[in-house]
Each structure stands twice: as structure tokens, then as C-alpha cells.
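Descriptive analysis of the structure
Here's the letter readout for the chains.
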Amino acid sequence: MRDVLDCGVLLAPGHETTMGAWIASHQARLMRVRLHPVSLAPQALDAAPPDSLARQALSLRRYDACILPVALHSLAWSRMALQLARNALSTPILLLIHDVKAPAILDLLSLGAADFISQPVCVESLRVRLIRLARRGALPGALPGALPGALTSAGAAGSVHEHPFNYLGEHPDAHCAEHAAHSPHASRAGSARPKVPADIVEHALNSLRHQYRRGAQETFRAAKAQVVNGFEREYIRHALSRHGGNVAQAARACAKHRRAFWALMRKHGIEAAPYRQAAQAAARMHEMG
């Protein structure tokens, strides 16, 4: 690893001014870390659309890690940006959290963010996390969106051991796909439950490859519940993404009653509004271009 790390600070909508001041106040105290402001808004637009992170995924590879500021007013944008960029982004993303609750943080981590740190920032903690993310990203065969503790199993010297289970707690399992396809309730509404998309199964397998070994004290029921929860969350997100945040259409495609679909959304803290906003933004971009 190089002596000096280059870290991109993503200027998400609503954070352009505050993050400029944040860089100025923290740069002098961050030893061996260079902070670079990264504008996400295209020149023709005042604010960055949700797909801007995915569009700049290739250019972000010049940085060892990137910092994404997240507050209540930018939470929906951050969710959609990570969702759209999860298959393209290879640079580790560190969330800079301000006044955001735990369920929302867990949601962002499951969408591909590598780690998080809360405001006000401890400079030494920030430096350690950036170094850890840079080492993980430098490992051969590292996957985009790999879980934060993956580098520990690879034996990186001097790494900070933080189990990914402490952050996410759920890891999707491919067996859940088979269970959903053969469920006795699949014939409701006169049609079979939709086949689980291949990208969800692949994401689940990747998560399991990087999962740490569960302790012997964890029961079968507890471990199974974690896997099922992870699958439910990925399935609901994918359904909402396919149908532009239309809950009724997503529920119908999943052969579930709308109330049951709403119950799963509430259970996992998933909102439909960000998916509707992303669909509208994509439609506007299509009309413009």
C-alpha cells in the first residue's frame, strides 16, 4: 500500500458547501491521507441525478476509497445512488453519517457501502477505516460491495478486525430462491411466484463467500432467520426497482397481497419513494438524451 492514500469526497446533493468546509477543517489533521472533492453533478444540471454515482464508477477507481455524506435530506438519494451503482462500483464507499437512524444505515450497507462513521468524526478512527478499506480494495479478486470484514480472512497484516455481521446481520442464501419457487403459496392469484433474478442469487453467493464463520453458540433457528431476512430484503428491493416504486404492481408480480407486501417493506425499513424518484429521473434523462 502507498504511503499516502487518495480519498475522494463525493459532493452529494445538498452537501456541496458543507463538505467543502469539512475537507478544509479535516485535511490538515489527517496524516497520510489526501482528500479530493468529487463533483457528481453533470455540467448541464444543478443537482446530481441518482445514477451519477454509477456513471462515474470508472473514474472513481483512481481513489483508494470514497466518502459519501448522508443526512436525512439526502438519504433517499443515497439509497438510489448505491442501488444503481452496486454492480459497477469497485471503489470502497465509507458513509459519513449525520443524524441517521440504525435501520437506514443498515440498508445503505446492504446496498454496497463498505463501512460508516458518524459525525462528529474522530480523525484517527477515520484514518484507520480508510486504511482498512484501501487494503481491502487492493486485495486480488476483491469484489465490488464486498463486506467490511473480508480482508481479515485474507490475512492482511495490521487490519482492523470488524465482523461484517455486526453491521448487516443478514446474508442472503441461494437456497431461499428454491424455497420461494416451490412455496405452496406460489400458486396464489392464479400464477407462479416469479423466478428469483440471477443477480440476486449471485449477490447472495458473493455475500456468503465473504461471511465469517458463525459462532457455535448461534442456533440453527437464529442463523436461518438471518438468511431469510436477507433474502426478503433483496427480493422486495428488486421488485420495487423493476416496477419503478409502484407497490401494487410489484406485489402483483410477486404474487403477494398488497398488504403483505407493505408488511415486508415496513419490516425491513424499505420505502417506495426513492424507487419512484429514480424511475422519474431515468425517464427525464431518457427524454433529454
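Structure's up top.
The structure contained in this document is the topic of the report that follows. (Residues numbered from 1 in each chain as written. Predicted model: local features only at pLDDT ≥ 70, side-chain atom pairs only at ≥ 80, totals over all residues. Heavy atoms only, no water.)

1. Section: unusual backbone geometry
- Of the consecutive residues Gln119 and Pro120, the connecting peptide bond is found in the cis state with omega at -10°.
- Tracing the sequence through the fold places Pro120 in the loop between β5 (115-118) and α5 (123-138).
- Positive phi, normally seen in glycine, also occurs at Arg32, with a value near 60°.
- Along the chain, Arg32 turns up in the loop between α1 (16-26) and β2 (33-39).
- Even without being glycine, Asp99 reaches a positive phi, approximately 60°.
- Tracing the sequence through the fold places Asp99 in the loop between β4 (93-97) and α4 (102-110). (Helix = DSSP H or I, 4+ residues; strand = E, 2+ residues; numbered from the N terminus.)

2. Some words on the state of the cysteines
- Evaluated as defined, the whole model comprises zero disulfides.
- Not part of a disulfide, Cys7 finds its nearest cysteine sulfur in Cys66, a span of 6.3 Å.
- For Cys7, a relative accessible area of 2% gives the class buried.
- Residue classification places Cys66 among the buried residues on the basis of a relative accessible area of 0%. (Disulfide = S-S within 2.5 Å. Buried < 20%, exposed > 50% of the residue type's maximum accessible area, 1.4 Å probe, protein only.)

3. Some points on empty space enclosed by the protein
- Tallied over the full model, the rule gives three cavities of 30 Å³ or more.
- Examining the composition of the lining of the largest cavity, we find that three residues originate from one element, helix α3 (residues 75-85), more than from any other. (1 Å grid on protein atoms, 1.4 Å probe; cavity = no way out; pocket = protein on both sides within 12 Å on 5 of 7 lines; lining within 4 Å. Points joined across faces, edges and corners; volume = space filled by probe spheres on them.)

Note that every value here comes from positions in space, so none of it alone points to a role or purpose.
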